[in-house]
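# Observations on the three-dimensional arrangement
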Amino acid sequence: MMLRQAAKNALGLTSRQSTPWSVGIFRSYHENVIDHYDNPRNVGSFDKNDPSIGTGLVGAPACGDVMKLQIKVDEKTGQIVDARFKTFGCGSAIASSSVATEWVKGKAMEEVLTIKNTEIAKHLSLPPVKLHCSMLAEDAIKAAVKDYKEKRAKTNGAGETSQA
């Protein structure tokens, strides 16, 4: 009990204030980061064995952030019809993942490959120390598209050899 009170005193919290949000520790985050952190979009996962799913799993060893981003592709049109993410990391990593899933939905695979980390960082107003989070999101998109294309190549290759 004394330790908890000492920690609150060190942070400048009164007995009624219990979260870092109330002291302004996170005020340096832009409202877009806070919005996507508090209300992340498209959290979850798909079956990675589904042939219409591409999975990108990337990480940043320096900070410990790990991001899994999955895309569901309409095999007839090549458009991404849905996306999901699971991220272990800071608020900026979660927000970057959330934004990435929103931005890829409804787009063609080749189009999502043009999404740059700088665009995500600008949208979220990430500080320089958090730019690696937007880089992870860009890498996760690329990895998910690559995984989907590799699955399609295996499926198409297997279908062709069995028909021969």
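Residues numbered from 1 in each chain as written. Predicted model: local features only at pLDDT ≥ 70, side-chain atom pairs only at ≥ 80, totals over all residues. Heavy atoms only, no water.

We apply this condition: UniProt positions are given in the numbering used here, feature names are shortened, and annotations may be inferred rather than shown by experiment.
The name that an unreviewed UniProt entry assigns to the protein is Iron-sulfur cluster assembly protein, with the source organism given as Brassica carinata. Per its UniProt entry, the protein bears the Subcellular location (unreviewed entry) comment "Mitochondrion matrix". Under the heading Sequence similarities (unreviewed entry), UniProt records this for the protein: "Belongs to the NifU family."

### Observations regarding helix α6 (residues 117-124)
Put simply, the rule reads: Only protein chains enter the calculation, and the probe is 1.4 Å; a residue is then buried if its accessible area is under 20% of its type maximum, exposed if over 50%, and partly exposed in between. Helix and strand definitions here come from DSSP, where helices need a minimum of 4 consecutive H or I residues and strands a minimum of 2 consecutive E residues; each element is numbered from the N-terminal end. Throughout, the arc means that of the directions going from the helix axis to the C-beta atoms.
Listed as buried for α6 are N117, I120, A121 and L124. For α6, the buried positions fall inside an angular range of 100° around the axis, keeping them on one side. Looking at α6, the residues exposed on the side facing more than 90 degrees away from the buried face are T118 and K122. Looking one or two residues beyond α6, the residue adopting positive phi is S125, at roughly 55°.

### A look at unusual backbone geometry
Positive phi outside glycine occurs at N42, with the angle close to 65°. Note on placement: N42 falls in the loop between α3 (31-38) and β1 (53-60). Judged by relative accessible area, N42 falls into the buried class, the value being 15%. Of note in the backbone geometry, S125 takes a positive phi value of approximately 55° without being a glycine.

### Some points on the nonpolar core
Note the threshold: Here, nonpolar core refers to any group of buried Ala, Val, Leu, Ile, Met, Phe, Trp, Tyr and Cys residues whose side-chain atoms link them within 4.5 Å. We call two residues in contact when some of their heavy atoms are within 4.5 Å.
L69, I71, I80, V104, V112, L124 and I141 are the most contacted members of the largest nonpolar core, which totals 28 residues. Looking at this core, the elements that each hand over two or more residues are β1, β2 (65-73), β3 (80-88), α4 (91-104), α5 (109-112), α6 and α7 (131-163). Here this core gets seven residues from one element, more than from any other, and that element is α7. Once you skip the residues sitting within four places of it in the chain, V104 turns out to touch I71, I80, A83, V112, I115 and I141.

### Some remarks on the sheet that holds β3
This is how the line gets drawn: Strands are treated as partners if at least two bridges between them are detected by DSSP. A fitted line through C-alpha atoms represents every axis, and for helices the fit uses only the stretch in contact; the resulting angles, taken between N-to-C directions, go from 0 to 180 degrees.
Pairing is antiparallel in the open sheet, where three strands are placed in the order β1-β2-β3. At either margin of the open sheet sits one strand with a lone partner, and together these are β1 and β3. Here the strands of the sheet are splayed against their neighbours by 15° on average, with no regard to which way each runs.

### Describing the packing of α3 against α4
The criterion, for reference: The cut-offs work like this: below 35 degrees is roughly parallel, past 145 is roughly antiparallel, 65 to 115 is roughly perpendicular, and the gaps in between are oblique. Three classes are used: nonpolar for Ala, Val, Leu, Ile, Met, Phe, Trp, Tyr, Cys and Pro, charged for Asp, Glu, Lys and Arg, and polar for all others, with Gly counted as polar.
In contact at an axis separation of 8 Å, α3 and α4 are set at 80° when each is read in the N-to-C sense. Overall, the two elements α3 and α4 adopt an arrangement that is roughly perpendicular. Contact residues: α3 offers V33, H36 and Y37, while α4 offers G91, S92, I94, A95, S98, V99 and E102. Of the residues that constitute the contact of α3 with α4, the class distribution is five nonpolar, four polar and one charged.

### Considerations on the pattern of salt bridges
Opposite charge on two side chains permits pairing when their charged atoms draw close. Filter applied, for reference: The salt bridge definition used is simple: a Lys or Arg side-chain nitrogen within 4 Å of an Asp or Glu carboxyl oxygen.
Following the criterion strictly, the structure yields eight salt bridges and no others. A salt bridge links R152 to E75, with the shortest nitrogen-to-oxygen separation between them at 2.8 Å. With R152 in helix α7 and E75 in the loop between β2 and β3, the pair connects residues that are 77 residues apart, well separated along the chain. A relative accessible area of 35% means that E75 is categorised as partly exposed. Two residues, K105 and D82, come together in a salt bridge whose shortest N-O distance is 3.7 Å. Residue K105 is found in the loop between α4 and α5, and its partner D82 is found in strand β3; the two are separated by 23 residues along the sequence. Relative accessible area serves as the criterion here: at 16%, D82 is assigned to the buried category. What you see here is one network of salt bridges that share partners, running through D35, R41 and E102.

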